[in-house]
Amino acid sequence: MPDVTLTTLRGLKERGEKIVMLTSYDATFAAASCAAGVEVLLVGDSLGNVLQGHDSTLPVSVADMAYHTACVKRGNRGALVLADLPFMSYATLEQALESSAALMRAGAHMVKLEGSAWLCETVRRLADNGIPACVHLGLTPQSVNVLGGYKVQGRDEARAREMREAALALEEAGAAMLLLECVPSPLAGAISRAARVPVIGIGAGPDTDGQVLVLHDLLGLNPRPAKFVRNFMTGQGSLQDALAAYTRAVKDGQFPAPEHGFSA
Ligand code: KIV
């Protein structure tokens, strides 16, 4: 496939074709995911959980992220590489620029930050410096200690309005993409329709512009999978077949199904 760029992703949104994103941490799985048609490889700070064995993403460093981004870059075959800025690496504008530069130099095409409207200035400054940003809203795992656990966000009307307004303000500030985690399906659908930029969901129901899963969840390696996870190894004979089944299910609108989402 030709190299996936932001223009490609905007075109997919405009045509109503679902975008397929999957986490990736090494060269071998990056190449296998590309062969299966994954369009965006997310070097997620979930590597703190699934690779490093921590119980949260908080211990992950910029050096860890740069290392895995470089590994993914070497296996990448045309996907867009999105890398997470880890906990406390974008608390100031200077930190955000420095941390993002490290990930872009390692091979990322875009960086992801967790937060809300307070990130507008950061996103604007990154865009001014040639760094596209994806903002992760809703359940933001780096803030688990503030949120009081891994819970669905935006269930009451006031918080839902706040999230909708934040999404549009971030887009206005220059965010190139939005990602919604554990957000009621109707709210995620409304944000996706209102935003011009692509909106990717995880635990956000069937009406976002695309979908992401953690690789290890897709492969059935999580002993306590969340409600929004589907084990794509079931009924498949190989890892490659499981990755292809995921891509197909997202493109066909079969995954996520309504039962993978949350109500308001
Ligand atoms: O770190 C990660 O893998 C993520 C996904 C859960 C979206 O941010």
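Since we're looking at a predicted model, the values are computed, not measured.

Right, let's talk about the overall build of the chain for a bit. Within the chain, the secondary structure is distributed over 11 helices and eight strands. Scaling as 2.2 N^0.38, a compact globule of 264 residues should have a C-alpha radius of gyration of about 18 Å, and the chain matches this with 17 Å. Looking at the chain as a whole, 56% of its 264 residues are labelled buried. Relative to all contacts within the chain whose residues are 6 or more apart in sequence, the contacts with residues 24 or more apart total 62%.

Our focus in this paragraph is the site of the ligand. Lining the immediate environment of the ligand, one finds 13 residues, of which Thr23, Asp45, Ser46, Asp84 and Lys112 sit closest. Contact between the ligand and Lys112: an oxygen atom at 2.8 Å from a side-chain N or O atom of the residue. Protein burial of the ligand: of its 260 Å² of free accessible surface, 94% is covered by the chains.

The tally for this structure, following the rule as stated, stands at seven salt bridges. Among the salt bridges present, the one from Arg164 reaches Glu157, with a minimum N-O distance of 3.4 Å. Residues joined by salt bridges that share partners form a network here, namely Glu17, Glu39 and Lys251.

Here the focus is helix H6 (residues 120-128). Taken together, the buried positions of H6 are occupied by Cys120, Thr122, Val123 and Leu126. All buried residues of H6 fall inside an arc of 165° around its axis, so they share one side. Away from its buried face, by an angle of more than 90 degrees, H6 presents the exposed residues Glu121 and Asp128. Looking at the buried side of H6, the elements it contacts are helix H5 (93-106), strand S4 (110-114), strand S5 (133-138) and helix H8 (157-173).

With that settled, consider the confidence of the model for the chain. Scored by pLDDT, the chain has a mean of 97; 99% of the residues are at 70 or more. Looking across the chain, the model is least confident in helix H7 (residues 144-147), with a mean pLDDT of 96, and most confident in strand S1 (residues 19-23), with 99.

Right, let's talk about the packing of aromatic side chains for a bit. In total, this model carries three aromatic pairs according to the counting rule given. One aromatic cluster is present, built from ring pairs that chain together Phe232, Tyr246 and Phe255.

Attention now goes to the pairing of strand S7 (residues 199-202). Every second residue of S7 is oriented toward a common face, with Val199 and Gly201 on one face and Ile200 and Ile202 on the other, all of them buried. As judged from the four bridges shared by strand S6 (residues 177-181) and S7, these two strands associate in the parallel manner. Bridging across to S7, Glu181 finds its partner in Ile202. Handedness of the β-α-β unit built from S6, helix H9 (residues 185-194) and S7 comes out right-handed. Direction of pairing for S7 relative to strand S8 (residues 210-213): parallel, over a ladder of two bridges. The residue bridging Ile200 from the neighbouring strand is Gly210, located in S8.

What follows deals with the packing of helix H2 (residues 27-35) against helix H4 (residues 62-75). Remark: H2 packs on H4, axes separated minimally by 7 Å, with the N-to-C direction vectors making an angle of 45°. One element, H2, and the other, H4, form an angle in the oblique class. Every pair of crossing elements has a handedness; the one defined by H2 and H4 is right-handed. Residues Ala27, Ala30 and Ala31 of H2 form the contact with H4, whose own contacting residues are Cys71, Val72, Arg74 and Gly75. A class-by-class count of the residues in the contact of H2 with H4 yields five nonpolar, one polar and one charged.

So, how was this worked out
- Residues numbered from 1 in each chain as written.
- Predicted model: local features only at pLDDT ≥ 70, side-chain atom pairs only at ≥ 80, totals over all residues.
- Heavy atoms only, no water.
- Helix = DSSP H or I, 4+ residues; strand = E, 2+ residues; numbered from the N terminus.
- Rg over C-alpha atoms; globule rule 2.2 N^0.38 Å.
- Buried < 20%, exposed > 50% of the residue type's maximum accessible area, 1.4 Å probe, protein only.
- Contact = heavy atoms within 4.5 Å.
- Near = heavy atom within 4 Å.
- Polar contact = N/O pair within 3.5 Å; in protein donor to acceptor, adjacent residues only side chain to side chain.
- Areas by Shrake-Rupley, 256 points an atom, 1.4 Å probe, with all protein chains shown as cover.
- Salt bridge = Lys/Arg side-chain N within 4 Å of Asp/Glu carboxyl O.
- Arc of directions from axis to C-beta.
- pLDDT = per-residue confidence, 0-100.
- Phe/Tyr/Trp six-rings, centres within 6.5 Å; stacked < 30°, edge-to-face > 60°.
- Pairing = 2+ DSSP bridges.
- Right-handed = clockwise from strand over helix to strand, strands pointing away.
- Axes fitted to C-alpha atoms, helices over the stretch in contact; angles between N-to-C directions.
- Parallel < 35°, antiparallel > 145°, perpendicular 65-115°, else oblique.
- Left-handed = near helix turned anticlockwise from the far one by under 90°.
- Nonpolar A, V, L, I, M, F, W, Y, C, P; charged D, E, K, R; others polar.

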